[in-house]
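Analysis of the macromolecular model
Listed here are the chains, written in short residue letters.
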Amino acid sequence: MKKRKTQLIKPRIREILSKTLPPRLVDFLPKHWVQLGDVLILPLREELLPYKHEIAKVYAEVLGVKTVLRKGRIGGEFRETNYEIIYGNNPITIHKENGILYKFDASKVMFSPANVKERVRMASIAKPDELVVDMFAGIGHLSLPIAKHCGAKVIAIEKSPYTFRFLVENIELNKVQDRMTAYNIDNREFKGENIADRILMGYVVKTHEFIPKALEIAKDEAIIHYHNTVPERLMPEEPFKTFQETAREYNYEAELLESRIIKRYAPGVWHVVLDVRVFKK
Ligand SMILES: C[S@@+](CC[C@H](N)C(=O)[O-])C[C@H]1O[C@@H](n2cnc3c(N)ncnc32)[C@H](O)[C@@H]1O
């Protein structure tokens, strides 16, 4: 049903815009987009930029969204998006997924559709008596499903003050204040030691630098969901090899339970997640 609707939408957009765009540009119109709540994220080629506002207006009207952002790069310590607003003026939206309400600023805060399987997987991963620490909480992408659907206690740590505001709002929106607590600090400053049954390390590029801190937070035995980006030529040994070596330096043994590919991060580089059981030697 949804697919049929999309198939009708594309010719409609094309039909409207072919009246105003130079004919050679009509084929460059985006055939894929991401809708998060009432915000649309549109990838636009350079050639279309002189017409970005009129293109965005047509997509907004046909798809019924209030704001359109031009997709750009994600980067920096806070993994910010900095997407340009090309239609409307309110990039703050509430996106519903798997029974969770995620409120955030889609022009600044990352919310990857490709990570949906992992967010859904988290909804049944923990037991109610566990204490889970999310070291890179964002707006609660991975830890809200745990608090809401598993009923576990969650400590969510987020360094960016801007993202943190939404994390706090999302805890209230999803009514999990009784079991989820948020800290606006660098996770390396978190004081809890030997407390977590489960740790989420949903970060990329530099996640290995945070393994010692994760082990400090972990109980003598714990599960760590360790994300990182890995060049294909180093797989499948990496990233577990680095994790295990670091764990051993800190007196922990590590057992690989499962390894999954989340998505392609860059040409020849994959974002993967490992489920690792760690235990004191
Ligand atoms: C890539 S986002 C991922 C969010 C979520 N974990 C997921 O996997 O979908 C990573 C988040 O970690 C935060 N972050 C980065 N370094 C941090 C640190 N040292 N301590 C706490 N949060 C940090 C960023 O601001 C960002 O919101």
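By the naming in an unreviewed UniProt entry, the protein chain is tRNA(Phe) (4-demethylwyosine(37)-C(7)) aminocarboxypropyltransferase, taken from Thermococcus aggregans. The UniProt entry for the protein chain carries the following comment under Sequence similarities (unreviewed entry): "Belongs to the class I-like SAM-binding methyltransferase superfamily. TRM5/TYW2 family." The UniProt entry for the protein chain carries the following text under Subcellular location (unreviewed entry): "Cytoplasm".

The subject of this paragraph is the overall build of the protein chain. The helix and strand inventory of the protein chain stands at eight helices and 13 strands. Here the protein chain has a C-alpha radius of gyration of 21 Å; the compact-globule value for 281 residues is 19 Å, and the two agree. Referenced to the eigenvectors of the C-alpha coordinate spread, the extents of the protein chain come out at roughly 70 × 45 × 35 Å. Per-residue burial over the protein chain gives 48% buried out of 281 residues. Partitioning the intrachain contacts of the protein chain with sequence separation of at least 6 by distance along the chain shows that 63% fall at a separation of at least 24. Of the roughly 14100 Å² of accessible surface on the protein chain, a fraction of 52% belongs to carbon and sulfur atoms. The centroid of the 46 positive side-chain charges in the protein chain is displaced by 7 Å from the centroid of its 37 negative side-chain charges.

This next bit is on helix H3 (residues 52-63). The terminal C-alpha atoms of H3 lie 16 Å apart, and with twelve residues this matches the ideal 16 Å at 1.5 Å per residue to within 8%. Taken together, the buried positions of H3 are Lys52, Ile55, Ala56, Val58, Tyr59, Ala60 and Leu63. Glycine 64 lies just past H3 and shows a positive phi near 70 degrees.

As a further point, take the confidence of the model for the protein chain. Low pLDDT means the predicted coordinates in that region are not meant to be read closely. Scored by pLDDT, the protein chain has a mean of 96; 98% of the residues are at 70 or more. Per-element mean pLDDT across the protein chain ranges from 77 in helix H1 (residues 2-17) up to 99 in strand E7 (residues 131-134). In the predicted complex, the global pTM is 0.95; the interface-specific ipTM is 0.99.

A few words on the environment of glycine 151. Counting through the fold element by element, glycine 151 comes out in the loop between helix H5 (143-150) and strand E8 (153-157). By relative accessible area, which is 28% here, glycine 151 ends up partly exposed. Counting along the chain gives 92 residues from glycine 151 to tyrosine 59, while the straight-line C-alpha distance between them is 39 Å. Excluding residues within four positions of it along the chain, glycine 151 makes contact with Pro128, Ile146 and Arg179.

So, about the packing of aromatic side chains. Two measures describe an aromatic ring pair: the distance that separates the ring centres and the angle between the ring planes. Within the structure shown, the criterion is met by nine aromatic pairs. Here the aromatic rings of phenylalanine 104 and phenylalanine 111 are separated by 5.2 Å at their centres, their planes lie at 15 degrees, and the arrangement is stacked. As far as the burial class goes, phenylalanine 104 and phenylalanine 111 line up, both buried. Judged by centre distance (6.0 Å) and plane angle (90 degrees), the rings of tyrosine 203 and phenylalanine 210 are edge-to-face. The ring of phenylalanine 28 carries the charged tip of arginine 45 above its face, separated from the ring centre by 3.8 Å. When the ring centre of phenylalanine 166 is taken as origin, the NZ or CZ atom of arginine 165, which lies over that ring, is 5.8 Å away.

What follows deals with the sheet that holds strand E4 (residues 84-87). The four strands lie next to each other as E1-E2-E3-E4, forming an open sheet whose pairing is mixed. The open sheet is flanked by strand E1 (34-36) and E4, the only strands paired with a single partner. Neighbouring strand axes in the sheet, compared pairwise and without regard to direction, differ in orientation by 30 degrees on average. Bridge count for strand E3 (residues 67-70) against E4 is three bridges, and the pairing is antiparallel. Bridge pairing in E4 links leucine 69 to isoleucine 85. Across the sheet, H3 lies against strand E2 (39-42), E3 and E4, angled at about 70 degrees from E4, the strand it touches most.

Here we take up the sheet that holds strand E10 (residues 196-201). Strand order in the open sheet made by the seven strands is E9-E8-E7-E10-E11-E13-E12, with mixed pairing throughout. Sheet topology places strand E9 (180-183) and strand E12 (252-266) at the edges, where each strand pairs with a single neighbour. Sheet twist, expressed as the average angle between the axes of neighbouring strands with direction ignored, equals 15 degrees. For E8 and E9, the ladder comprises four bridges, and the chain directions are parallel. Paired with alanine 156 across the strands is alanine 182, a residue of E9. Each of E7, E8, E9 and E10 is contacted by H5, which is oriented at about 165 degrees to E8, the strand it contacts most. Of the strands in this sheet, strand E11 (218-231), E12 and strand E13 (269-280) touch helix H8 (residues 240-249), which is tilted by about 145 degrees from E12.

Basis of the calculations
Residues numbered from 1 in each chain as written. Predicted model: local features only at pLDDT ≥ 70, side-chain atom pairs only at ≥ 80, totals over all residues. Heavy atoms only, no water. UniProt positions renumbered as here; feature names shortened; annotations may be inferred. Helix = DSSP H or I, 4+ residues; strand = E, 2+ residues; numbered from the N terminus. Rg over C-alpha atoms; globule rule 2.2 N^0.38 Å. Buried < 20%, exposed > 50% of the residue type's maximum accessible area, 1.4 Å probe, protein only. Contact = heavy atoms within 4.5 Å. Areas by Shrake-Rupley, 256 points an atom, 1.4 Å probe, with all protein chains shown as cover. Lys, Arg positive; Asp, Glu negative; His and termini not counted. Charge placed at Lys NZ, Arg CZ, Asp CG, Glu CD. Expected span 1.5 Å × (residues − 1). pLDDT = per-residue confidence, 0-100. Phe/Tyr/Trp six-rings, centres within 6.5 Å; stacked < 30°, edge-to-face > 60°. Lys NZ or Arg CZ within 6 Å of the ring centre and 35° of its normal. Pairing = 2+ DSSP bridges. Axes fitted to C-alpha atoms, helices over the stretch in contact; angles between N-to-C directions.

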